[in-house]
Amino acid sequence: MEQKTRSGFVSIIGRPNVGKSTLMNKIIGQKIAITSSKPQTTRTKISTVYTKGNTQMIFVDTPGLHKAKNKLGENMVSTAKRTFNESDVCLYLIEADTFIGEQDENILSLLRTVSIPIILVINKVDKVEKSVVFETITKYKDLIEFAEIVPLSAKTGRNIETLLEVIEKYLPEGPFYYDPETLTDQPERQIVSEIIREKGLRCLGEEIPHGIAVVIEKMQFSKNIVDIEASIICERESHKGMIIGKGGSKIKEIGSKARIDIEKMLDKKVNLKLFVKIKENWRDSDYLLKNFGLSGDEADE
Ligand SMILES: Nc1nc2c(ncn2[C@@H]2O[C@H](COP(=O)(O)OP(=O)(O)OP(=O)(O)O)[C@@H](O)[C@H]2O)c(=O)[nH]1
Ligand SMILES: [Mg+2]
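Because the structure is predicted, anything quoted here is derived from the model rather than measured. (Residues numbered from 1 in each chain as written. Chains lettered and ligands numbered in written order. Predicted model: local features only at pLDDT ≥ 70, side-chain atom pairs only at ≥ 80, totals over all residues.)

Enquirer: Help me get a handle on the packing of helix α6 (residues 188–203) against helix α8 (residues 249–266), residues and values and all.
Expert: Closest axis-to-axis distance for the α6/α8 pair is 9 Å, and the angle between their directions is 140 degrees. Regarding the angle of α6 to α8, the classification is oblique. When you trace α6 past α8, the crossing you get is right-handed. Along its contact with α6, which presents Glu188, Ile191, Val192, Ile195, Ile196, Lys199, Gly200 and Cys203, the element α8 presents Lys250, Glu253, Ile254, Lys257, Ala258, Asp261, Ile262, Met265 and Leu266. When grouped by side-chain class, the residues that make up the contact of α6 with α8 number ten nonpolar, one polar and six charged. (Axes fitted to C-alpha atoms, helices over the stretch in contact; angles between N-to-C directions. Helix = DSSP H or I, 4+ residues; strand = E, 2+ residues; numbered from the N terminus. Parallel < 35°, antiparallel > 145°, perpendicular 65-115°, else oblique. Left-handed = near helix turned anticlockwise from the far one by under 90°. Contact = placed C-beta atoms within 7 Å. Nonpolar A, V, L, I, M, F, W, Y, C, P; charged D, E, K, R; others polar.)

What follows is the structure, encoded as structure tokens:
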């Protein structure tokens, strides 16, 4: 007898920096979404496909919900809201030791408006005592009707199997959306530009990272090597100087770290050339946001 399959979309939402992208990467066992210790790392929705036996889950990572200060931020927030409205199950991620701030109040009131099952995921349990996890559960459990509550660590992988078992219960019966071998719907070019942006986020000081975007100008595959040219867009002359660094040291560091990751991802040798360009206030320009694929509603269609 043929076994029934289950499949569905699982959105991951929460405020910035709670570990949404780390959790998604850990589940599929590959780094597709970039991560960093700086909030607002993810800018568009990113889907990955997890298939096991008769079950397929499409995880959709979203930008952290925050109080937007520019058009880019507004687009990020609207992308996140729209994504969870279109999913079958929602994972609401929080950190074990945080208090319920304004951002979580806003998320909670948003969650009250939907009827899909919401699973409260308490992340980063590796960082706190067990008692803190219990306190967090007590604090949150009655705020809205959660289908389930799962404490875990996206970093160590602890309890992730439990989360997957829990999600499975809430998936509708139906055919797979993707071929079981599929891992993501992200185009390679986009992953490459995100890897470069991640190295920028990690190598640059506090004031620049949110003001950069990365554009792939050229990506040419030949037999033994991939030639890539990319521009790092920043907002000011002074930022350009910092990105390039003394004698080009900073951009060299970003480039060589990015190249290693890109080679791993493409499984080919890579020749990477980076340029730095200035576009003032690009984060508030509809035209440039669209150009960079960051225009929120249309960004991922
Ligand atoms: N100790 C610990 N750190 C974690 C865990 N999960 C994520 N982190 C760290 O938390 C930081 C943020 O992780 P991200 O996955 O980028 O967070 P995010 O929620 O996707 O953030 P945005 O994209 O900015 O909304 C990174 O430095 C991660 O290494 C965890 O389970 N334990
Ligand atoms: Mg993220």
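Enquirer: Quick rundown of the environment of Ser295? Include the residues and the values.
Expert: With respect to the helices and strands, the residue Ser295 is situated in the segment after α9 (286–291). With 21 C-beta atoms counted inside 10 Å, the residue Ser295 sits in the buried group. When the C-alpha positions of Ser295 and Lys124 are compared, they lie 31 Å apart, and in sequence the two are 171 residues distant. With residues near it in sequence (within four places) discarded, Ser295 still touches Asn75, Asp286, Leu289 and Lys290. (Buried ≥ 20, exposed ≤ 12 C-beta atoms within 10 Å, placed from the backbone.)

Enquirer: Hey, could you go over the pairing of strand β6 (residues 148–151) for me, with residue numbers and the actual values?
Expert: By the bridge criterion, four bridges tie strand β5 (residues 118–123) to β6 in an arrangement that is parallel. Within the sheet, the bridge partner assigned to Leu120 lies in β6 and is Ile149. (Pairing = 2+ DSSP bridges.)

Enquirer: Now, about the sheet that holds strand β3 (residues 55–61): what can you tell me, with residues and values included?
Expert: Backbone hydrogen bonds hold the strands of a sheet together, and the pairing may be parallel or antiparallel. Read from one edge to the other, the open sheet built from six strands follows the order β2-β3-β1-β4-β5-β6, with strand pairing classed as mixed. What marks the edges here is a single partner per strand, and that holds for β2 (46–52) and β6. Each strand axis lies, on average, 25 degrees off the axis of its neighbour in the sheet, ignoring direction. In terms of strand pairing, strand β1 (residues 6–13) meets strand β4 (residues 89–95) through four bridges, oriented parallel. In the sheet register, Val10 faces β4, and the bridge partner there is Val89.

This is a description of form; function is not addressed.
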